[in-house]
Amino acid sequence: VKHFQLSFLCGALGIGAVAACSNAPPSPSAAERLGQAGSALGGGTFGNFISGSYNLQLRDIARFEPLQPGSDPVHGRQLFGASADLQTQDNTFALFQGPSQAFQGVVVSNGRACFTCHRGPSTGFGFPKPPLSASIPLTDPLFTGIDGDAQGDPDAMNNLDNHALIKHRIGRFNEARSESDPYRQVFGWRKSLRLLNVAFGHGFLTDGRARDLFEADRGAVFAHTQSSDSRFDDLFPPPDANDMEAFQFSAPFLTDPQLAALRDPTNPLYARLVSDPFYTVHTTSKAQDRGKWVFVQQCMVCHNTPNVFNNISNVQALGGGIRPITDPAFGPPIGRDFNVGISERNGNNLRFTQNLGGGQFAPIVLPLANEDGTTNNLTITFDIGLAAVTARSEDIGRFKVPQLRGVVNAGPYFHDNSADTLEQVVDYFNSAAYAASKDGRKFPVHLNAHERADLLEFLKVL
Amino acid sequence: MGLSFTIRPKRQALGLATGLLLVAVTVLADSPRDVAFSVGEDDVGLLHIPLHRGDIAPFELTVIATPNNCETNPVLDLSWDKSRNIVDVHIRGKGVLPRYPNVSRTEGVDWFPNPWVHEPKDIVGGRHQFWVITPGPDVTFYYDPTNLNLIGSQYDFATAPPAIPIQLPSLLALGSQFYQPAPNGDVDFEYTIPYDHMVRGDAPDFSHLVVSFPPPNLCLVDPFRIDLSTLRPYVSPPQPASAALSFDQYLQGGLVFDWTVEPPEYFVFPPSVTFVATWSNLTLLGGGIPKNWAFDIEAAFMNVAPPIRPWGGAGSCTNYFQDHIKTNNFCTGGAP
């Protein structure tokens, strides 16, 4: 009876759902079966089992963080540190420094602005390809201000220059915990995300831990522009954050101007963009057309936001007068992250022990909650992703599903920049390593040589 | 060649949601009972979630011991159907609640007089009340400009007094009718609420209470260090039935569930709520709260991670008090 009902449900759901159902593992648990059915249903309906921090009210519906009324993208650009032509860094209004009550002192900037790591349209508002020193002088605040992130970590300069990775100590500014608390010490080496189509995020940063762009921007300002572990919230007031958000959600950050309609259900184009996920994708060859079908069958279970191709599951976003940004609810995350095994692979052989100085390192042991309430004291040997934020074992290795527009120019790939080419990315998802990963077991990918070639052709025009 | 995807009509979506409910009911037959799941949409759906001791332990809450050495817990099935204008709340558990509970607290130890929470110190022969809670709008609290003491909120004054206004987040709490378990502590408690008009089960002339945690004096709070500050509970008078929300407003805000112990007769009227509780959980936070862990309210207020901590009362079956009286005075540089 159960199999009949699930089959009936899958058969009723249409093309996207068929992909999900045909990819169902041979013997998933009841929870996984229901979760897949719920995900496949779409149309705004949710169906979720507790799995780590997955929210019980995730819905598959095209709704995105609203802009705050009255926000000013021009002022936001100035705060971002971008010149009017977006080509160079302009720090005139972009340095967050000065007396701060929260900081209990004077914050001194290291000269970095948002533009330092999100370097204009030519890089998709991210980093250029590594080595970074090939295109960025070593006198740039990116390098001279490295202790803002790294605080003396001896691996930091190599990881930044050669892998374009920044040290992120996730709980660094949680002053409610002692400095020695493992949640303040745990860290990951992560890329500077390209900001193209950031307006369609459900959660921000690589792990989606920021519920809105305000939280993401504030954390970046705290973490990258000075070296202490003290917050200075009063130097980053919400109106400034709203303006920066308006800038980052504006036209220069969209891969296609038509995508702006996806943020506005009253726009006549909204329904078309939702109903035709490839409305703004233009193929020009039979191989690309075949590749699109491969993409539908193999990739869209997760990359399912129409015309953007990140993951669409979300809870009601903060902001816009709907939910105040001070609302503690739903956090974090507000979207659905996945573990595809990249963290465990640790392809760049990165170190995850605590730097004690003087060449001494110590393991970080993190107490995580298992779903049965027991505690998993995990010794950190790779980037545990969302679990560093949620304290849930089920969230180990989970990261956000990236948007895929312009993906051909987005390399190196994955949160740790561990794949240089699209071919390497596709081959990873077609590998035993992916199939053995936590979400690879749920959403397996099988490509023969023809499908692989067609998919790559399609990805090049996505 | 473009692919064409069609938006499904609402009627069909509802039909599919109903189908999912069938799948849910069926697959749950071979699932652990202590697993949460949800399915549906704002108009029709269901939520199944286990309740645990201490999952939600706000400041100055006492979580009392429960029968069977606190080892068995209840589960909540919440379902809703807008077309039938019904929200159904159903809690079941074997030996999970004390019948006619007694609670004895000690002033200065696990009970602190609070002019903004109208509850008795002790409860003899009490009764249980279940609460469905959701985040509310920011509330304006007023502080005396001379001594910086809290003098009330927007719910206590018809017009704003000459005072320092401070806006703080709130929760809206809706109580059930009262309940007694079976003599062996078994619970099978089901009640309904109108979907479009969420009013109290025990007093349908009223809707939600507004709950918040303001500092009793502005010298006792550092807005950037809630962990070092004194925040204390505040409960508004119950709002009139005319202020009742619809269930989708609860659902969209995220849900919190809590089961309190109330005195055998109303301590005040219009009725309020005590800070004595048994079982709780939430959907407000991704994934709810695992057993033996607790929502870290300080972390939530400070917007830092992680949002859960091991619960201090885990591993023992005694009354547990969540203290939050601090000695820091920030007007004197943080000294007591």
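Before reading on, note that the structure itself is shown above.
Quick summary incoming for the structure in this document. This one's a predicted model, so the numbers in the text were calculated from it and none came from an experiment.

**Quick word on the overall build of chain B**
Line of reasoning, step 1. Along chain B, the regular secondary structure elements total three helices and 17 strands.
Line of reasoning, step 2. In chain B, which comprises 336 residues, the share counted as buried stands at 59%.
Line of reasoning, step 3. Only carbon and sulfur atoms are counted for the fraction: they give 56% of the accessible area of chain B, which is about 12,900 Å².

**Points about the overall build of chain A**
Line of reasoning, step 1. A count of helices and strands for chain A gives 19 helices and 11 strands.
Line of reasoning, step 2. Long-range pairs, those at least 24 residues apart, make up 64% of the contacts in chain A between residues at least 6 apart in sequence.
Line of reasoning, step 3. Split by element, the accessible area of chain A, about 16,800 Å² in all, is 56% carbon and sulfur.

**Details of the side chain of Asp55 of chain B**
Line of reasoning, step 1. In this structure, Asp55 of chain B sits in the loop between strand S3 (52-53) and strand S4 (62-63).
Line of reasoning, step 2. This buried residue, Asp55 of chain B, is left without a salt bridge; Arg392 of chain A holds the nearest opposite charge, at 8.6 Å.
Line of reasoning, step 3. Side chain to side chain, Asp55 of chain B and His52 of chain B meet in a polar contact 3.0 Å long.
Line of reasoning, step 4. Ignoring sequence-local partners within four residues, the contact set of Asp55 of chain B consists of Ser280, Asn281, Ile289, Pro290, Lys291, Trp293, Ala294 and Phe295 of chain B.

**Some thoughts on helix H13 (residues 286-298) of chain A**
Line of reasoning, step 1. With 13 residues, H13 of chain A should reach 18 Å at 1.5 Å per residue; the first-to-last C-alpha distance of 18 Å fits that figure.
Line of reasoning, step 2. Residues Ala287, Gln288, Asp289, Gly291, Lys292, Val294, Phe295, Val296 and Gln298 of chain A constitute the buried set of H13 of chain A.

**Structural notes on the packing of helix H4 (residues 73-80) of chain A against helix H11 (residues 238-248) of chain A**
When two helices pack together, their arrangement is given by the angle between the helix axes and the distance between those axes.
Residues and elements named next belong to chain A.
Line of reasoning, step 1. Relative to each other, H4 and H11 sit at 100 degrees, their axes nearing to 7 Å. The angle between H4 and H11 places the two elements in the roughly perpendicular class. Between H4, through Pro73, His75, Gly76, Arg77, Leu79 and Phe80, and H11, the contact on the second element is made entirely by Asp240, Asp243, Met244, Ala246, Phe247 and Gln248.
Line of reasoning, step 2. Within the contact of H4 with H11, the residues separate by chemical class into six nonpolar, three polar and three charged.

**Focus: the pairing of strand S10 (residues 365-369) of chain A**
Residue and element names in this part refer to chain A.
Line of reasoning, step 1. Pairing of S10 with strand S11 (residues 375-379) involves five bridges; the strand directions are antiparallel. The partner of Leu368 across the bridge, within S11, is Asn376.
Line of reasoning, step 2. Where S10 hands over to S11, the hairpin turn is made up of five residues, of which Gly373 adopts a positive phi near 95 degrees.

**Re unusual backbone geometry**
Line of reasoning, step 1. For the bond running from Pro130 of chain A to Pro131 of chain A, omega is 5 degrees, close enough to zero to count as cis.
Line of reasoning, step 2. Within the secondary structure, Pro131 of chain A is located in the loop between helix H5 (114-117) and helix H6 (141-144).
Line of reasoning, step 3. Residue Pro306 of chain B is reached from Ala305 of chain B by a cis peptide bond, and omega for that bond is -5 degrees.
Line of reasoning, step 4. Note that Pro306 of chain B resides in the loop between helix H3 (297-302) and strand S16 (308-310).
Line of reasoning, step 5. Of note, Asn197 of chain A is a non-glycine position whose phi angle comes to about 60 degrees, a positive value.
Line of reasoning, step 6. As for its position among the elements, Asn197 of chain A is in the loop between strand S6 (187-191) and helix H10 (213-224).
Line of reasoning, step 7. Look at Glu60 of chain B: it is not a glycine, yet its phi comes out positive at around 70 degrees.
Line of reasoning, step 8. Tracing the backbone through its elements, the reader meets Glu60 of chain B in the loop between S3 and S4.
Line of reasoning, step 9. By relative accessible area, Glu60 of chain B is classed as buried at 5%.

**Let's talk about the state of the cysteines**
Residues and elements named next belong to chain B.
Line of reasoning, step 1. Per the stated rule, a full pass over the model turns up two disulfides over all chains.
Line of reasoning, step 2. At a sulfur-sulfur separation of 1.9 Å, the disulfide partner of Cys70 is Cys317. Because the sign of the S-S torsion sets the handedness, a value of about 75 degrees for the bond joining Cys70 and Cys317 places this disulfide among the right-handed ones. Of this pair, Cys70 sits in the loop between S4 and strand S5 (75-81) while Cys317 sits in the loop between S16 and strand S17 (320-321), and the two are 247 residues apart along the sequence.
Line of reasoning, step 3. A relative accessible area of 12% means that Cys70 is categorised as buried.
Line of reasoning, step 4. Judged by relative accessible area, which is 21%, Cys317 ranks as partly exposed.
Line of reasoning, step 5. Among the cysteines of chain B that take part in disulfides, numbered as they appear in the sequence, the pairing is 1-3, 2-4.

**Quick word on the pairing of strand S9 (residues 164-179) of chain B**
Successive side chains on a regular strand alternate, one facing one side of the sheet and the next facing the other.
Residue and element names in this part refer to chain B.
Line of reasoning, step 1. Here strand S7 (residues 127-143) pairs with S9 via 13 bridges, running antiparallel. Paired with Pro135 across the two strands is Leu171, which belongs to S9.
Line of reasoning, step 2. As paired elements, S9 and strand S11 (residues 209-212) share three bridges and run antiparallel to each other. Counted as the bridge partner of Leu171 is Val211 from S11.

**Thoughts on the packing of aromatic side chains**
Line of reasoning, step 1. For the coordinates displayed, the defined rule picks out 42 aromatic pairs over all chains.
Line of reasoning, step 2. Pairing Phe59 of chain B with Phe301 of chain B gives two aromatic rings, centres 6.3 Å apart and planes at 85 degrees, and the pair type is edge-to-face. With a gap of 242 residues between them, Phe59 of chain B in the loop between S3 and S4 and Phe301 of chain B in helix H3 connect regions that are remote in the sequence.
Line of reasoning, step 3. When the ring centre of Phe187 of chain A is taken as reference, the NZ or CZ atom of Lys167 of chain A above it lies at 4.2 Å.
Line of reasoning, step 4. Between Arg127 of chain B and the ring centre of Phe178 of chain B, over which it is positioned, the NZ or CZ distance is 3.5 Å.

**Focus: the packing of helix H16 (residues 422-429) of chain A against helix H19 (residues 449-459) of chain A**
Residues and elements named next belong to chain A.
Line of reasoning, step 1. The N-to-C vectors of H16 and H19 enclose an angle of 135 degrees; their axes lie 11 Å apart at closest approach. Viewed along their axes, H16 and H19 adopt a mutual orientation that is oblique. Viewed along their axes, H16 and H19 form a crossing whose handedness is right-handed. Residues Leu422, Glu423, Val426 and Asp427 of H16 touch H19, and the partners they reach there are Arg452, Leu455, Leu456 and Leu459.
Line of reasoning, step 2. Here the contact of H16 with H19 is built from residues that sort into five nonpolar, no polar and three charged.

Calculation notes
- Residues numbered from 1 in each chain as written.
- Chains lettered and ligands numbered in written order.
- Predicted model: local features only at pLDDT ≥ 70, side-chain atom pairs only at ≥ 80, totals over all residues.
- Heavy atoms only, no water.
- Helix = DSSP H or I, 4+ residues; strand = E, 2+ residues; numbered from the N terminus.
- Buried < 20%, exposed > 50% of the residue type's maximum accessible area, 1.4 Å probe, protein only.
- Areas by Shrake-Rupley, 256 points an atom, 1.4 Å probe, with all protein chains shown as cover.
- Contact = heavy atoms within 4.5 Å.
- Lys, Arg positive; Asp, Glu negative; His and termini not counted.
- Salt bridge = Lys/Arg side-chain N within 4 Å of Asp/Glu carboxyl O.
- Polar contact = N/O pair within 3.5 Å; in protein donor to acceptor, adjacent residues only side chain to side chain.
- Expected span 1.5 Å × (residues − 1).
- Axes fitted to C-alpha atoms, helices over the stretch in contact; angles between N-to-C directions.
- Parallel < 35°, antiparallel > 145°, perpendicular 65-115°, else oblique.
- Nonpolar A, V, L, I, M, F, W, Y, C, P; charged D, E, K, R; others polar.
- Pairing = 2+ DSSP bridges.
- Disulfide = S-S within 2.5 Å.
- Phe/Tyr/Trp six-rings, centres within 6.5 Å; stacked < 30°, edge-to-face > 60°.
- Lys NZ or Arg CZ within 6 Å of the ring centre and 35° of its normal.
- Left-handed = near helix turned anticlockwise from the far one by under 90°.

Geometric descriptors of this kind do not, in isolation, establish any biological role.
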